[in-house]
Amino acid sequence: MPFHVRLRFGPPSSPAVTGTWDSEATAERKFRGFIGRYGSRADVRIEELASFC
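About the criteria used
Residues numbered from 1 in each chain as written. Predicted model: local features only at pLDDT ≥ 70, side-chain atom pairs only at ≥ 80, totals over all residues. Heavy atoms only, no water. Helix = DSSP H or I, 4+ residues; strand = E, 2+ residues; numbered from the N terminus. Rg over C-alpha atoms; globule rule 2.2 N^0.38 Å. Buried < 20%, exposed > 50% of the residue type's maximum accessible area, 1.4 Å probe, protein only. Contact = heavy atoms within 4.5 Å. Lys, Arg positive; Asp, Glu negative; His and termini not counted. Charge placed at Lys NZ, Arg CZ, Asp CG, Glu CD. Expected span 1.5 Å × (residues − 1). Arc of directions from axis to C-beta. Polar contact = N/O pair within 3.5 Å; in protein donor to acceptor, adjacent residues only side chain to side chain.

Peer 1: Give a detailed account of the overall build of the chain, specifying residues and quantitative values.
Peer 2: The helix and strand inventory of the chain stands at one helix and three strands. Start at the N end of the chain and walk to the C end: the helices and strands fall as β-β-α-β. Computed over its C-alpha atoms, the radius of gyration of the chain comes to 11 Å, within 12% of the 10 Å expected for a compact globule of 53 residues. With respect to the three principal axes, the spread of C-alpha positions in the chain is 30 × 25 × 10 Å. Here the chain holds 53 residues, and 30% of them are scored as buried. Sequence separation of at least 24 residues holds for 45% of the intrachain contacts in the chain that already meet a minimum separation of 6. Looking at the chain, you have 8 positive and 6 negative side-chain charges, and the mean spots of the two groups are 7 Å apart.

If you want it as structure tokens, here you go:
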């Protein structure tokens, strides 16, 4: 089952970067890394998404 993480700069209509990993551990590590790097910015949304399957 794939795991998805989305990083968005700005409002919901703004561009986003989405990563997909087969490993839950990798997706979680990326998610936490995004929080550490970008989490203090007010214009950033970081989301773990359910599988698109």
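Peer 1: So what's going on with the environment of Leu49? Residues and values would help.
Peer 2: Summarising the element assignment, Leu49 is placed in strand E3 (residues 44-49). Along the chain, Leu49 and His4 lie 45 residues apart, while their C-alpha atoms are 5.1 Å from each other. Not counting residues up to four positions away in its chain, the partners in contact with Leu49 are His4 and Arg6.

Peer 1: If you had to explain helix H1 (residues 24-38) to someone new, which residues and values would you point to?
Peer 2: Spanning 15 residues, H1 covers 21 Å between terminal C-alpha atoms, matching the ideal 21 Å at 1.5 Å per step. Within H1, the full set of buried residues consists of Thr26, Ala27, Phe31 and Phe34. Summarising the axial view, the buried residues of H1 lie within an arc of 135 degrees, below the 170-degree limit, and thus occupy one face. Seen from the buried face of H1, the exposed residues on the opposite side, beyond 90 degrees, are Ala25, Arg29, Arg32 and Gly36. Against strand E1 (3-9), strand E2 (16-21) and E3 lie the buried residues of H1. Sitting at the head of H1, Ser23 places a side-chain oxygen 3.3 Å from the backbone nitrogen of Ala25.

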